[in-house]
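# Understanding the architecture of this molecule
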Number of protein chains: 2
Amino acid sequence: MCHTVAVTEHIDHTLRGRWTTTAGPLPPHALKWLRERTGLGEVRTPARAPVAPESALGDAARTALGEVVGPGYVRVDPDSRLGRAGGLSYVDLLRQRGDGEPAVPDAVVLPASPEQVVEVLEVCVEHDVAVVPFGGGTSVVGGVNALRGDKAAVVALDLNRLDKLVEVDPVSRLAVLQAGLPAPKAERLLAAHGLTIGHVPQSYERATIGGFAATRSAGQASAGYGRFEDMVEGVRLATPVGEWRLGGAPASAAGPDLKQLVVGSEGAFGVITEVALRVRRRPEVERYEGFVVDGWERGSALVREVAQRRVPADVTRLSDVDETEVSLALGGGWKVNALKGYLKARGVREPCLLVLGWHGASKREVARRRAETLRGVEALSLGKALGEAWRHGRFNGPRQRDALMEVGVCVETLETATHWSKVSDLRAAVREALVDALGRCVVMCHISHVYETGASLYFTVLAARDAADPIGQWQVAKAAASEAITGLGTISHHHAVGADHAPYLEAEIGRLGLDVLASVKRTLDPTGVLNPGKLLAGDIGAAGLASPGDR
Amino acid sequence: MCHTVAVTEHIDHTLRGRWTTTAGPLPPHALKWLRERTGLGEVRTPARAPVAPESALGDAARTALGEVVGPGYVRVDPDSRLGRAGGLSYVDLLRQRGDGEPAVPDAVVLPASPEQVVEVLEVCVEHDVAVVPFGGGTSVVGGVNALRGDKAAVVALDLNRLDKLVEVDPVSRLAVLQAGLPAPKAERLLAAHGLTIGHVPQSYERATIGGFAATRSAGQASAGYGRFEDMVEGVRLATPVGEWRLGGAPASAAGPDLKQLVVGSEGAFGVITEVALRVRRRPEVERYEGFVVDGWERGSALVREVAQRRVPADVTRLSDVDETEVSLALGGGWKVNALKGYLKARGVREPCLLVLGWHGASKREVARRRAETLRGVEALSLGKALGEAWRHGRFNGPRQRDALMEVGVCVETLETATHWSKVSDLRAAVREALVDALGRCVVMCHISHVYETGASLYFTVLAARDAADPIGQWQVAKAAASEAITGLGTISHHHAVGADHAPYLEAEIGRLGLDVLASVKRTLDPTGVLNPGKLLAGDIGAAGLASPGDR
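Throughout this document, residue positions are counted from 1 along each chain, in the order its sequence is written. Lettering for chains starts from A, numbering for ligands starts from 1, and both go in the order in which the items are written. Given that the model is predicted, a residue must reach a pLDDT of at least 70 before its local features are reported, and side-chain atom pairs must reach 80 or more before they are shown or counted; all residues, however, enter totals for whole chains, interfaces and linings. Remark: hydrogens and water are excluded; side-chain values derive from all non-hydrogen atoms of the structure.

## As for the overall build of chain A
Counting from the N terminus, the helices are DSSP H or I runs at least four residues long and the strands are E runs at least two residues long. Within chain A, the secondary structure is distributed over 20 helices and 18 strands. Taking 24 Å as the expected radius of gyration for a compact globule of 551 residues, we find that chain A reaches 23 Å, a close match to that expectation. Overall, the C-alpha framework of chain A stretches about 75 × 60 × 45 Å when taken along its three principal axes. Accessible area is worked out with a 1.4 Å probe on protein chains only. A residue is then buried under 20% of its type maximum, exposed over 50%, and partly exposed in between. Per-residue burial over chain A gives 63% buried out of 551 residues. Counted over contacts in chain A with a minimum sequence separation of 6, partners at least 24 positions apart contribute 78%. On chain A, roughly 19,000 Å² of surface is accessible, and the fraction owed to carbon and sulfur atoms is 51%. Based on C-alpha atoms, the radius of gyration is set beside the globule rule, defined as 2.2 Å times the residue count to the power 0.38. By the convention used here, residues are in contact when the closest approach between their heavy atoms is within 4.5 Å. What sets the accessible areas is the Shrake-Rupley method with a 1.4 Å probe; for residues, cover comes only from the shown protein chains.

## Quick word on the pattern of salt bridges
Salt bridges are identified by distance alone: a Lys or Arg side-chain nitrogen within 4 Å of an Asp or Glu carboxyl oxygen. All chains considered together, the criterion is met by 72 salt bridges over all chains. Taking the shortest distance from any N to any O, the salt bridge between Arg216(B) and Glu229(B) comes out at 3.3 Å. One end of the pair, Arg216(B), is in the loop between helix 7 (209-215) and helix 8 (222-225); the other, Glu229(B), is in helix 9 (residues 228-231), with 13 residues separating them in the sequence. With relative accessibility at 8%, the residue Glu229(B) sits in the buried group. Across the pair Glu323(B) and Arg317(B) runs a salt bridge whose closest N-O atoms are separated by 3.4 Å. Glu323(B) sits in the buried class, given a relative accessible area of 5%. One continuous salt-bridge network, built from bridges that share partners, spans Glu115(A), Arg236(A), Glu243(A), Arg245(A) and Glu274(A).

## As for the domain arrangement of chain A
All names here are of chain A. Partitioning chain A into domains gives domain 1 (165-249 + 257-281), domain 2 (285-394) and domain 3 (502-550). A separation of 25 Å is found between the C-alpha centroids of domain 1 and domain 3. Each side of the interface is counted separately: domain 1 has 13 residues, and domain 3 has twelve residues. Both faces considered, domain 1 and domain 3 share a buried interface measuring about 1,000 Å² in area, 76% of it formed by carbon and sulfur atoms. Note that the domain bounds were set by an automatic or database domain assignment. By buried area we mean the combined loss of accessible area, with a 1.4 Å probe, across both parts when two parts are placed together.

## Quick word on the relation of the copies chain B and chain A
When the copies are overlaid, the least-squares fit takes in C-alpha atoms only where the residue has pLDDT of at least 70 in both copies. By a simple turn and slide, chain B fits onto chain A: the slide is 0.0 Å along the axis, the RMSD is 0.0 Å, and the turn is 180°. What we have between these two chains is a two-fold relation. It is Ser519(B) whose C-alpha, among those of chain B, lies nearest the rotation axis, at 2.9 Å. A shared interface surface links the copies, since 100% of the contact residues of chain B are contact residues in chain A too.

And the structure:
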């Protein structure tokens, strides 16, 4: 998977290492287009360096933690702490750029082994310290914000020293990987065995194996490789009451699948330290191709039919008319005018870009799979160049966002999923909610994960930032979109719950669902040190948990 | 799926309706072979009618239940109660045939709607009555035995009046089905929409939709259609603390997948009343074909390779040498001697039968899929007749078992699953344990479910029954097999935990796993009325549950 990607072996968590500082400027034609479409003014909003508050971690706790991981791996310097002050949501970035206060951990603790993680949790329980597991720090839902709940202090538990490929079973196509492994390094280590995970979300360059599991991640090739939870065959979880290991068979009827309770637990039930993954032979050939379909309804019917025939491309990505227009407007490299003329000549009124990608062991296999996918399909091929252009730019979203933020744009994404019969209604409802909340703005949408019964919807929003209350501006829009989603789809297809979606979880899983999650948390984390305020809202996630009878 | 199958629209739960009484006699050549191989004597052990003890259900509880479901649907007659006295394990059947005491419910309660199920549970909590959810009654692990735990009485909650197809969404390929629907009726109702579930376990003729979900069932075509849990998109669960609904999206990252906590909960967390299932277009063409492979290692490597290339046949079933020998010895209809001669002439020393089956929309699609599966595969085709013979007999196992029991045979099956690198070790370990425990016996094994990372192993055992202690004889053998499985594979691939596997669950999911399950049970079933002694061992499943701190 990773041979076309810059391999990030070590994640730089200093402030300098964040994407924010690596963004290039926005090209003039893009800026002009943005101003026309959103009413954006001639502003520059460079980042101001945030300031870390005094660390609240007591000396006794600090010493005890140092005894577990080594004193050099308990860091209280401002740069280390600010580098783990939240994730990469628009609001997180605003806070890190000087709008509002980031939630800064009191220390960063870097254990070197699963055993050390268990010991760190024991120390944190003893010293009343909240623990935020931290891998790539790419959460966009507030999942790694250093909230302390009702604890005396909060530490970021940075897992990046847990970066080993523990075991490979080539016969069973299984690999055991430590949680802190960055995805590109995991792929490099597996490539030496001819294997791949095949999990490539947009966060790929910085994200970790443990983070994928903790958040039920879905990669861009999910139609071919499955979601991350489909790959997890075993987990090793450190909890305040001891270590819990699950796995050992490809499938089981030995009661409920408890792995699926750990996958998606977002650090609230324990710290994932190792994951056993189903892996595959690395593909020899990858082919990406661009197509155009006339109209959203036709496009979504097309990808639905292919998914239901069970011959989807590994990568399947359909943009709506607005996203297609933006791609054409901003993507000067694609000989855009010629393309527009071509589409007009072919009578395409509402062009929707469709990118399909197939992996295989040989050109022949890829050609055969492509033919299967495209049998009877009405889509106009625009050739491999457009597919390759998508592939080369597919991790650039966050970098583009940083450039946009520099010039005063409110820019964020959100996502959901629903069954096919509700896909168009859900897309319309979210669009309407966002436009109502933000006024003059651009709302783009694409389907990038297809299933037999439904699909994901991924929205990107661009508006002129409200300089007076940039955080409030987005929170109103996000709330409106979340309300629109509730009842029609899931509050998250692959971004997880974090702090931002926690208020909407009850509508999705019911009061009993929250009670069940709370009971599991009470069992594994009786004093509530683990990631307070994430997944479960604060009143449930904290210590002094209400018992089911109290509601 | 069901057009080749006798359609069971209503499950007859009277004693007369059980398979036991519909079995034909064993053919003479089979009996002769059995006597040679197992030392079976010239005995006949006809069933003696069991006697139902007095019902312990109090008048107040009976009246209250009658007010919910109608007085005619609270049945205390011996025939109704004996008809729900356990499932279809060898030990259950022995008890029903007069060896040992079956666990007979004090009454059979037949609600007509999901709402009535919730009300029944309220009444049972109020009157201290244990509840055993009962669908097809096909459990082979003691999952429906009427244990009362510490309750005053126990009722079988027969779900067979919940037999509606509630909703079909043909665009999303989703169907909502009530839990008591027998599988053949569910298929008939869906066939009217051109749809199928495609879930065909050996229990198909009698089993219900709710039972499939409660036990994480896997059907014979699991390689093509997935396991039952892969099809479940939503559940409606009646619990003593209210109703819980889950589902609404094809995939989600909104926290842990709680559906996978309900699927496999075996009636211990609640009563599944409705299931939303992913369905597929009914195949127009099905092709089954027999093959022979020389030796188990070669055969298992073959099915592994096909599974890892992701081109498995929908049905994939590899018998070991012993099972193949028995099939040839007992299957007079296949022109067995000619076949044996043919195999000898082809130099096949250790014949292992392989049955593959493909479904598709057309002959062409099936031919194409067959070619994909067989590309580069070294297996000798024996033609379609053998495949069709397997298909026609594929639900006959239980009937054959009844005939065997009549003539004094100890006959039972058990199953597990593990990763490919451990498949042969696990098969050897279980064989050895069974032979050690039973002495002169026949142990057969097949792989019938394949995954990228591993496979199931299904064992059938034949021995001369110990007339003095038939139940003890099997319990010793089962314990030896279960010990052999522990650490190498899962205690159940698709039969579930029930009462029989509960003692082995801790070794598989850990003490924390049991604690988590117990905490979920405490939340949903605080007084422990639901299916005592199943899934969780009695001390955890009953009321007065130990808290995690007590252990």
